[in-house]
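# Fold and geometry: a report
Single-letter residue listing:
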Protein chains: 2
Amino acid sequence: MTNDQLSSALPETDRTRHRRLREQGSLDRAQLDAILEAGFICHVGVVIDGTPMVVPTVYGSDGRNLYFHGSVASRSLLASPGAAVCVTVTHVDGLVLARSVFEHGVNYRSAMVHGVPRLVADPDEKWAGLRCLTEHATPGQWAYARQPNRKELAATTLLALSLEEASVKIRTGGPDDGEGPDAALGNWAGVLPLAATWGAPEPDPRLPEGVEPPQHIVNRSNTRAS
Amino acid sequence: MTNDQLSSALPETDRTRHRRLREQGSLDRAQLDAILEAGFICHVGVVIDGTPMVVPTVYGSDGRNLYFHGSVASRSLLASPGAAVCVTVTHVDGLVLARSVFEHGVNYRSAMVHGVPRLVADPDEKWAGLRCLTEHATPGQWAYARQPNRKELAATTLLALSLEEASVKIRTGGPDDGEGPDAALGNWAGVLPLAATWGAPEPDPRLPEGVEPPQHIVNRSNTRAS
C-alpha cells in the first residue's frame, strides 16, 4: 500500500473546510504525510455520553491508515463501535512575537483526521499495524526488541483510522504587523523558535553491566524530534 | 484569587476517575498546576453535530481558570453556549524502550480539564485573562508589547474554563520488564528522553537595524520549554 494509491489532494468535507484561517489551511496530501511522519503522539477526541474526551496516545501511520491502541479510548470506542473520532497531531515550532499583543501567535504544523476507527481483527494487519506503530515511534526498535507473542497480540486492541478525511493547518514566518502603524513603536519583533530534541539514552538500572544501547538509539540522540 | 482558595485535592467525578491505568492517575492539585504551568498549548475537544473536533490552541491559567480564545472553537462553542469541552495539555518526556515491544511506552505528563467554558464578558476579567494568556506563553511580553486597545479587546473572544473538574496522568521511570523473563534476553532497555527547548530569537526582517530583543526573550533561549 503506497501513497500513490491515494490522490494527492484530500477531499474537502464539511468538517475539513477551514472557516476561520483559510490561508493557513490545506488539504495537501504531502503536508499531511509530513506532519504525521514528524510526530508519534496524537490527541484522540471521542464523545462519551455526549461530552468530549481528549486523550493523548502513540500512533503510527502507513500513509493510508493511522493506527493507535484501542485501550486508549476503550470506554467509548469499544463499547460503542461506529463512534466517530477526531485525531489531532500538533508540532509547535515557535512563538510569534509581534509589536502588539493582539498580533501574537504561534508557528505550528497540525493535522486533523476525522472518521470512525475500525477494530483491526485480521492477524496479519494487526501485526503490520503494531510494527508500524512501533517503528513510527522508534525506527529500528521492532527488529531489536522481542516481538509480541500470541498472548500479547490477543491482549492488544489496535484501531485503524482511515486518512481519507483529513486536513492540515500550518503557520510559518514572522509577525504580521511589520508594515502597519505599530512598526513605528520601535520594539523588537520576531520569532522565538521551539524544537524538541532527543537526549542521551538512559539505561534501565536493572540492566547487567556492559549492555550498550543499539546504534539506532545512539544515532537518535541530539537529533530533532519533530 | 490564589490556589489556597481551592482544596489541594481535585474532586473525583465519573469523568476524572482513572479506569485503565489507575496507578498513573492523580487528582493532585499541585501536579495539575505544574503541568499547566509548564505548557502553553492545549488541545480543546468539542462536539459538533455529535462528532468530536480536537483543536490546538494557546492557553493561560491563573490557578482557578484556564483561559483560551473563543475563536478556536467558535463553530460550536459560540453557536451553542453551554456545550461541554475537554481541554488536554500533554508534555512528552521520553520513550520507554523495554526488552519486549509489548512493554514499550511513553513517559509523559498530561492534564485533562472538563467543563462548560464561560464567555468572559467583564472588561476587567477580559483584560486580566488576556494578560494571563500572554504572560503564560511569554513571561514579560505583556509589559513589553503594545497592549490591546478598545477595538482589539472587542474583537477578542475569551473563554474561561474552571479548573474544578480536572485530572492528571503521569508516567516516569524506566521499563517494567527488567525483572521478568525478558531480562534474560540481554538486549538494552531504558529511556530515550525528549525535551523541548527554546532557540535563539529570530528577528523580523522588517525590523530597523539596531533593535535588539528584550532581555526576557534573550534569557529564554536555550532553556527547556516544558
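Residues numbered from 1 in each chain as written. Chains lettered and ligands numbered in written order. Predicted model: local features only at pLDDT ≥ 70, side-chain atom pairs only at ≥ 80, totals over all residues. Heavy atoms only, no water.

If you check an unreviewed UniProt entry, chain A appears there as Pyridoxamine 5'-phosphate oxidase family protein from Streptomyces cavernicola.

This brings us to the interface of chain A and chain B. Accessible area lost upon the coming together of the parts serves often as the stated size of an interface. Of the residues lining the interface, 88 residues belong to chain A; the matching set on chain B comes to 88 residues. Both faces combined, the contact of chain A with chain B buries some 7,200 Å², and carbon together with sulfur accounts for 66% of it. Joining chain A to chain B, the criterion identifies six salt bridges. Tallying contributions element by element places strand 10 (residues 190–198) of chain A first for the side of chain A that touches chain B, with nine residues. When grouped by side-chain class, the residues that make up the side of chain A that touches chain B number 49 nonpolar, 23 polar and 16 charged. (Contact = heavy atoms within 4.5 Å. Buried area = accessible area lost by both parts, 1.4 Å probe. Salt bridge = Lys/Arg side-chain N within 4 Å of Asp/Glu carboxyl O. Helix = DSSP H or I, 4+ residues; strand = E, 2+ residues; numbered from the N terminus. Nonpolar A, V, L, I, M, F, W, Y, C, P; charged D, E, K, R; others polar.)

Moving on to the environment of W198 of chain A. Positionally, W198 of chain A belongs in strand 10. When the C-alpha positions of W198 of chain A and S221 of chain A are compared, they lie 5.0 Å apart, and in sequence the two are 23 residues distant. Apart from the residues within four sequence positions on either side, W198 of chain A is in contact with F40, R220, S221, N222, T223, R224 and A225 of chain A together with L95, L192, P193 and L194 of chain B.

As a further point, take the relation of the copies chain A and chain B. Of the transformation superimposing chain A on chain B, the axial component is 0.0 Å and the angular component is 180 degrees, with the fit at an RMSD of 0.0 Å. Taken together, the rotation angle and the small translation identify this as a two-fold axis. In terms of C-alpha distance to the rotation axis, chain A has A196 of chain A as its closest residue, with the C-alpha 2.0 Å off the axis. With an isologous cut-off of 70% or more, the 100% of interface residues of chain A that recur at the interface of chain B puts this contact in the isologous class. (Least-squares fit on C-alpha atoms with pLDDT ≥ 70 in both.)

Moving on, we come to the side chain of Q141 of chain B. Along the polypeptide, Q141 of chain B turns up in helix 4 (residues 141–144). The class for Q141 of chain B is buried, based on a relative accessible area of 1%. Once you skip the residues sitting within four places of it in the chain, Q141 of chain B turns out to touch L97, A98 and H104 of chain A together with T134, E135, H216 and I217 of chain B. (Buried < 20%, exposed > 50% of the residue type's maximum accessible area, 1.4 Å probe, protein only.)

Next up on the list: the pattern of salt bridges. Residues and elements named next belong to chain A. Within the structure shown, the criterion is met by 22 salt bridges over all chains. The partner of D93 in a salt bridge is R109, with the nearest N and O atoms 2.7 Å apart. One end of the pair, D93, is in strand 5 (residues 85–97); the other, R109, is in strand 6 (residues 105–115), with 16 residues separating them in the sequence. Neither residue differs from the other here; D93 and R109 are each classed as buried.

A few words on the packing of aromatic side chains. Inspection of the entire model under this criterion finds four aromatic pairs over all chains. A centroid spacing of 5.7 Å and a plane angle of 25 degrees characterise the contact between F40 of chain A and W198 of chain A, whose relative ring orientation is stacked. Of the two residues, F40 of chain A is situated in the loop between helix 1 (29–38) and strand 2 (41–48) and W198 of chain A in strand 10; the sequence distance between them amounts to 158 residues. Like F40 of chain A, the residue W198 of chain A is buried in the burial classification. Summarising the aromatic geometry, the rings of W127 of chain B and W142 of chain B are spaced 5.1 Å apart at their centres and angled 80 degrees between planes, so their arrangement reads as edge-to-face. A residue pair is termed long-range when its members are at least 10 positions apart, and W127 of chain B in helix 3 (residues 123–137) and W142 of chain B in helix 4 qualify at 15 residues. (Phe/Tyr/Trp six-rings, centres within 6.5 Å; stacked < 30°, edge-to-face > 60°.)

Residue position: T156 of chain B is located in the loop between helix 5 (150–155) and strand 8 (158–162). The class of T156 of chain B is buried, set by a relative accessible area of 9%. In contact with T156 of chain B, other than residues within four places in its own chain, are F102 of chain A together with H69, K126 and L130 of chain B.

What follows concerns helix 3 of chain B. For helix 3 of chain B, built from 15 residues, the straight-helix expectation of 21 Å at 1.5 Å per residue is met to within 8% by its first-to-last C-alpha distance of 21 Å. Buried within helix 3 of chain B we find E125, K126, G129, L130, C132, L133, T134, H136 and A137 of chain B. (Expected span 1.5 Å × (residues − 1).)

Before going further, it helps to examine the confidence of the model for chain A. Residue and element names in this part refer to chain A. Overall, the prediction assigns chain A a mean pLDDT of 88, with 85% of residues at 70 or greater. Averaged pLDDT values over the elements of chain A bottom out at 57 in helix 2 (residues 74–77) and peak at 98 in helix 4 (residues 141–144). Long-range and interchain partners of residues 1–7, a stretch whose pLDDT sits below 50, account for eleven contacts in this model, where long-range means more than four residues apart. Note that residues 17–23 has pLDDT below 50 and, in this model, eleven contacts with residues that lie over four places away or in other chains. (pLDDT = per-residue confidence, 0-100.)

A few words on the environment of V85 of chain B. With respect to the secondary-structure elements, V85 of chain B resides in strand 5 (residues 85–97). A sequence separation of 29 residues divides V85 of chain B from H114 of chain B, and the C-alpha atoms of the two residues are 6.0 Å apart.

On to empty space enclosed by the protein, then. Per the stated rule, a full pass over the model turns up one cavity of 30 Å³ or more. Taken as a whole, the largest cavity holds about 680 Å³ of empty space. Taken together, 32 residues make up the lining of the largest cavity; nearest its centre are T90 and V92 of chain A together with T90, V92 and A196 of chain B. Those elements giving two or more residues to the lining of the largest cavity turn out to be strand 2, strand 5 and strand 10 of chain A together with strand 2 (41–48), strand 5 and strand 10 (190–198) of chain B. The dominant element in the lining of the largest cavity, judged by the number of residues it contributes, is strand 5 of chain A, at five residues. (1 Å grid on protein atoms, 1.4 Å probe; cavity = no way out; pocket = protein on both sides within 12 Å on 5 of 7 lines; lining within 4 Å. Points joined across faces, edges and corners; volume = space filled by probe spheres on them.)

Residues and elements named next belong to chain B. Of all five residues in strand 4 (residues 65–69), four are buried, a share of seventy percent or more. Across three bridges, the pairing between strand 3 (residues 51–61) and strand 4 is antiparallel. Looking at strand 4, one finds that Y59 is bridged to F68. Between the antiparallel neighbours strand 3 and strand 4 lie three residues, among them G63 with a positive phi of about 90 degrees. As paired elements, strand 4 and strand 8 share five bridges and run antiparallel to each other. Bridge assignment links Y67 to a residue of strand 8, and that residue is A160. (Pairing = 2+ DSSP bridges.)

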